[in-house]
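If you want the building blocks of each chain, they are given just below.
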Amino acid sequence: MIVDGKALAASILERLRRKIKYYSSSGDKIKLVSLNFKGSSAYLLYQRSQRKTADYLGVDFQTFHYRNLTGKKVGKIVEELNDNSHVHGIVIELPLPPKIKFELISDLLDYRKDVEGASVVNQGLLSLGRPFLVSPTALACFHILKTLSPQLYGKNVTIVGASSLVGKPLAQLLLKEMATVSVTHIATFKSGNLSRYTRQADILISAAGKQELITKDMVKKGAVVLDVGINHKRGRIVGDVSEEVRRKCRYITPVPGGVGPVTTAFLFSNLLKAFLNQKGISNVKR
Ligand code: NAD
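Remember, it's a predicted structure, so these values are computed and weren't measured experimentally. (Residues numbered from 1 in each chain as written. Predicted model: local features only at pLDDT ≥ 70, side-chain atom pairs only at ≥ 80, totals over all residues. Heavy atoms only, no water.)

Take the site of the ligand next. Ala162, Ser163, Ile186, Ile230 and Thr263 are the nearest of the 21 residues found near the ligand. At 2.5 Å from an oxygen atom of the ligand is found a side-chain nitrogen or oxygen belonging to Ser163. Within the backbone of Ile186, one N or O atom sits 3.0 Å away from an oxygen atom of the ligand. Bound to the protein, the ligand loses 78% of the 860 Å² it would expose on its own. Broken down by secondary-structure element, the contributors of at least two residues to the shell around the ligand are helix H8 (186–190) and helix H10 (259–278). By residue class, the composition of the shell around the ligand is twelve nonpolar, eight polar and one charged. (Near = heavy atom within 4 Å. Polar contact = N/O pair within 3.5 Å; in protein donor to acceptor, adjacent residues only side chain to side chain. Areas by Shrake-Rupley, 256 points an atom, 1.4 Å probe, with all protein chains shown as cover. Helix = DSSP H or I, 4+ residues; strand = E, 2+ residues; numbered from the N terminus. Nonpolar A, V, L, I, M, F, W, Y, C, P; charged D, E, K, R; others polar.)

Here it is in structure tokens:
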């Protein structure tokens, strides 16, 4: 069965819209700022859907595009936004240019405005089992899994891709549910061991960014498959999982229309959480 990510996102957004309307009724408009230091087609898709969602929710959304900045200048921009009380959430679009290290952002970004869960504090809290703002992609995958198969206890989960904003935070969320999690990456692939891990998975999540990486022979019959990858194929967007897998698994998320819309919904859910925390409305603590 193909999972309808747009429908899942729509129900999250509808609830969120009501809450945002309520909390911003005093005239305090919630504001999200997105910074782009490079320009990447994968993230343009993400940004377009962010703008559409912001308009629907009544959130102020501003994007800034910079080119050829030094790390020092980038740091200054992030610090100014950290200090700006009218800005409640900051998105740093990836990938960054080679001169700018991800650590610069994760070290400087105020964890209270870090709606993508990239900061040192938010990543640390998550790994201690005390999540505050968590990667929206990881939250989206987790939400889809809990919707499809609420009992994760003891399930074999294989994640393909070990990045700080997808594979690793998702592994942390699943470990908290007592799933048995294998996190694989490029070295697993290069050493020829990837299918050994994918074939044993009750739940398989691919977030590698490589089209047709996951073929039918690599998937256990009846598995739940989440395809996070975004790849460009002859003017179309495709995931990491080949079409033939659909006939073998129980559930699969399509690309586009699967994990992507749910990710955007969780970005804005994080934004509301960040806003409430900054206003001292919620009891969310560090
Ligand atoms: P990344 O480049 O930071 O990380 C990719 C990970 O995949 C790395 O751990 C790498 O070792 C691993 N990998 C690469 N090739 C592999 C292979 N052949 N076999 C096994 N592992 C391999 O990328 P990212 O930011 O984590 O994003 C991954 C993919 O997910 C990209 O296509 C990105 O566009 C997409 N993405 C989608 C969403 C969404 O909401 N749908 C959100 C974020 C990222």
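Moving on from the coordinates now.
Let's shift gears to the packing of aromatic side chains. Evaluation of the coordinates by the stated rule reveals four aromatic pairs. Relative to Tyr66, the ring of Phe64 lies with its centre 6.2 Å away and its plane at 20 degrees, an arrangement referred to as stacked. Among the residues examined, Tyr66 registers a relative accessible area of 22% and is labelled partly exposed. Measuring from ring centre to ring centre gives 5.8 Å for Tyr111 and Phe132, while their planes differ by 65 degrees; the resulting arrangement is edge-to-face. Note that Tyr111 is positioned in the loop between helix H4 (102–108) and helix H5 (120–127) and Phe132 in the loop between H5 and helix H6 (136–148), a separation of 21 residues in sequence. The exposure classification of Tyr111 matches that of Phe132, with both residues buried. (Phe/Tyr/Trp six-rings, centres within 6.5 Å; stacked < 30°, edge-to-face > 60°. Buried < 20%, exposed > 50% of the residue type's maximum accessible area, 1.4 Å probe, protein only.)

With respect to topology, five strands assemble into an open sheet ordered E5-E4-E6-E7-E10, the strand pairing being parallel. Both edges of this open sheet fall to strand E5 (180–184) and strand E10 (251–252), since each of them pairs with a single strand only. As paired elements, strand E7 (residues 224–227) and E10 share two bridges and run parallel to each other. Across the sheet, residue Val225 finds its bridge partner in E10, namely Ile252. Helix H7 (residues 167–176) contacts strand E4 (156–160), E5 and strand E6 (203–206) of the sheet and is inclined by roughly 170 degrees relative to E4. (Pairing = 2+ DSSP bridges. Contact = heavy atoms within 4.5 Å. Axes fitted to C-alpha atoms, helices over the stretch in contact; angles between N-to-C directions.)

Once that is clear, we can look at unusual backbone geometry. With an omega dihedral of 0 degrees, the bond running from Leu94 to Pro95 counts as a cis peptide bond. If you trace the backbone, Pro95 turns up in the loop between strand E3 (89–92) and H4. Here the bond from Val255 into Pro256 is cis, since omega is 0 degrees, no more than 30 degrees from zero. Assignment of secondary structure puts Pro256 in the loop between E10 and H10. Despite not being glycine, Met178 has its phi angle at roughly 65 degrees, a positive value.

The next thing to look at is the domain arrangement of the protein chain. Structurally, the protein chain comprises domain 1 (28–131 + 264–277) and domain 2 (136–260). On a C-alpha basis, the centres of domain 1 and domain 2 stand 25 Å from each other. Across the interface of domain 1 and domain 2, roughly 1,300 Å² is buried in total on both sides, 72% from carbon and sulfur atoms. Along the contact surface separating domain 1 from domain 2 lie zero salt bridges. Inspection of the region where domain 1 meets domain 2 yields one residue pair in polar contact (both at pLDDT 80 or more). Within the residue set of the side of domain 1 that touches domain 2, elements represented by two or more residues are helix H2 (41–57), H5 and H10. When its residues are assigned to classes, the side of domain 1 that touches domain 2 shows eleven nonpolar, seven polar and one charged. (Domains from an automatic or database assignment. Buried area = accessible area lost by both parts, 1.4 Å probe. Salt bridge = Lys/Arg side-chain N within 4 Å of Asp/Glu carboxyl O.)

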